[in-house]
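If you want the building blocks of each chain, they are given just below.
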Amino acid sequence: MRFSNLHTHTVFSDGKGTVRENIESAIAKNMLSLGFSDHSFTACDTSYCMRLEDYGRYAEHVRALAKEYEDRLPVYLGIEKDYFSEIEEGAFDYVIASVHYIIRGGVCYPIDHSEAQQRQCASEAFGGSLLDMAKCYYGMVAEHAAKAKPDIIGHFDVLNKFSIMPELSDEYIRITEEALRETVRHCRRFEVNTGGIGRGWRKTPYPSLYLLKLLRELGGEVVINSDSHHPDNLDCHFTESAALLRKAGFTSFSVFDGAGFQPIAL
Ligand SMILES: [Zn+2]
Ligand SMILES: [Zn+2]
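Values in this document were obtained by computation on a predicted structure and should not be read as measured data. (Residues numbered from 1 in each chain as written. Chains lettered and ligands numbered in written order. Predicted model: local features only at pLDDT ≥ 70, side-chain atom pairs only at ≥ 80, totals over all residues. Heavy atoms only, no water.)

(A) Region of the structure containing the coordination of the zinc ion (ligand 1). Ligation of the zinc ion (ligand 1) by protein atoms is provided by Glu 80 (OE), His 100 (NE2) and His 155 (NE2), these donors lying 2.1 to 2.2 Å from the ion. In this model, the zinc ion (ligand 1) sits 3.4 Å from the zinc ion (ligand 2), the two metals being bridged by Glu 80. Remark: His 155 occurs in the loop between β7 (152-153) and α5 (170-186) and Glu 80 occurs in strand β3 (residues 75-82); sequence separation between them is 75 residues. Residues Glu 80 and His 155 agree in their burial class; the two are buried. (Donors = N, O, S within 2.8 Å, 3.2 Å for Na, K, Ca; no water. Helix = DSSP H or I, 4+ residues; strand = E, 2+ residues; numbered from the N terminus. Buried < 20%, exposed > 50% of the residue type's maximum accessible area, 1.4 Å probe, protein only.)

Put into structure tokens, the structure is as follows:
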């Protein structure tokens, strides 16, 4: 089975490879197409995102290489839009909407950088309650979907990256399922994101299987993305993710063709 990847980071944000190195890797891997989605600018943390002044250079560079490689690989220009970012509407082929921060009391807490920072957020901003932090995070995901009207919901349950959420508790499951129901009303296309596997944090992608099953029941659609930060990881764990999607009851996943999303049978 041939795959595409729309969630790719390069040296324009916190990725290790250049746009060209990623394209060459995708060709070597016989991929169907490739999309770039460097991090939108976040004023509360500039350590990993694009600088505002680089948006134009990023777009021009990706477009130029898309032209150069047009007979070998379809290449698309996207962006990973954070909850706290503004982007120009229509400037990108597609938008992935993700939540990376909770801001409380003027403090910006990254929720997917480290377990210590996640615990610090729960401790300082939510009186130590992981569930209250989860309510806040998942509420933001649904709100982001409603406001940004993105093409794809990014790493829906990344809050469980470090496996410290009480994933088996009824309350956590209720919070996540309710948020998924609300989110899908605004954007029915979610990514299966293997980024946590590529970087050794997890054995399975986001979202968890019970959420994928619910997404399918609700008529949702899926793309398979690796959230890669290195050209070697463009298709990390994709074959296994396809098998997981079949287990969740999906019969197809979607691939972007420049104009829209087309189903590919699983
Ligand atoms: Zn992200
Ligand atoms: Zn990403």
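Further notes follow.
(B) Just the nonpolar core, in detail. Ile 23, Ile 102, Met 133, Tyr 137, Tyr 138 and Phe 156 are the most contacted members of the largest nonpolar core, which totals 69 residues. Broken down by element, the residue count for this core peaks at 9 residues, all from helix α4 (residues 130-148). What Ile 23 contacts, discounting residues up to four positions off in sequence, is Leu 34, Phe 36, Leu 65, Tyr 69, Leu 73 and Val 75. Counting 8 residues, the second largest nonpolar core, distinct from the first, contains Ile 96, Val 223, Phe 256 and Phe 261. (Core = buried A, V, L, I, M, F, W, Y, C linked by side-chain atoms within 4.5 Å. Contact = heavy atoms within 4.5 Å.)

(C) Quick peek at the coordination of the zinc ion (ligand 2). Taken together, the protein donors to the zinc ion (ligand 2) comprise His 7 (NE2), His 9 (NE2), Glu 80 (OE) and Asp 227 (OD), at separations of 2.0 to 2.2 Å. Here the zinc ion (ligand 2) binds 4 donor atoms, and the angle range of 82 to 168° at the metal identifies the geometry as irregular. Spacing between the donor residues of the zinc ion (ligand 2) along their common chain follows H-x1-H-x70-E-x146-D. Given the relative accessible area of 1%, His 9 is considered buried. (Tetrahedral: all angles 85-135°; square planar, octahedral: opposite > 155°, others 65-115°.)

(D) Molecular detail of the pattern of salt bridges. Counted under the stated rule, the structure contains 16 salt bridges. With a closest N to O distance of 3.3 Å, Lys 67 and Glu 70 form a salt bridge. As far as burial versus exposure is concerned, Lys 67 and Glu 70 are alike and both exposed. What you see here is one network of salt bridges that share partners, running through Arg 51, Glu 53, Asp 54 and Arg 57. (Salt bridge = Lys/Arg side-chain N within 4 Å of Asp/Glu carboxyl O.)

(E) Layout of the pairing of β3. Of all 8 residues making up β3, 8 are buried, and the element is well covered by its neighbours. Neither face of β3 is exposed, since Val 75, Leu 77, Ile 79 and Lys 81 on one face and Tyr 76, Gly 78, Glu 80 and Asp 82 on the opposite face are all buried. Across 3 bridges, strand β2 (residues 33-36) lies against β3 in parallel orientation. Within β3, the position partnered with Phe 36 by the bridge is Leu 77. Pairing geometry for β3 and strand β4 (residues 94-98), over 5 bridges, is parallel. Paired with Glu 80 across the strands is Ile 96, a residue of β4. (Pairing = 2+ DSSP bridges.)

(F) Local environment of the environment of Ser 252. Mapped onto the secondary structure, Ser 252 falls in strand β10 (residues 252-256). Separated by 13 residues in sequence, Ser 252 and Ala 265 place their C-alpha atoms 4.3 Å apart. Look past the residues within four positions of Ser 252 in its chain and what remains in contact with it is Val 222, Pro 263, Ile 264, Ala 265 and Leu 266.

(G) Molecular detail of the packing of aromatic side chains. Applying the stated criterion across every chain yields a total of 13 aromatic pairs. Through successive ring pairs, a cluster of aromatic residues spans Tyr 137, Tyr 138, Phe 156, Tyr 172 and Phe 190. Note that Arg 189 overlies the ring of Phe 261, its terminal NZ or CZ placed 3.7 Å from the centroid. (Phe/Tyr/Trp six-rings, centres within 6.5 Å; stacked < 30°, edge-to-face > 60°. Lys NZ or Arg CZ within 6 Å of the ring centre and 35° of its normal.)

(H) Up close: unusual backbone geometry. Backbone torsion omega between Tyr 206 and Pro 207 reads -10°, so that peptide bond is classified as cis. Looking at where Pro 207 falls in the secondary structure, it is placed in the loop between α6 (195-198) and α7 (209-217). For His 155, which is not a glycine, the phi torsion comes out positive at approximately 20°. Exposure remark for His 155: the relative accessible area of 2% places this residue in the buried category.

(I) Layout of the state of the cysteines. According to the stated counting rule, one finds 0 disulfides in the structure shown. Residue Cys 49 stays outside any disulfide, its sulfur separated by 8.4 Å from that of Cys 44, the closest cysteine. Under the relative-accessibility criterion, Cys 49 is labelled buried at 9%. (Disulfide = S-S within 2.5 Å.)

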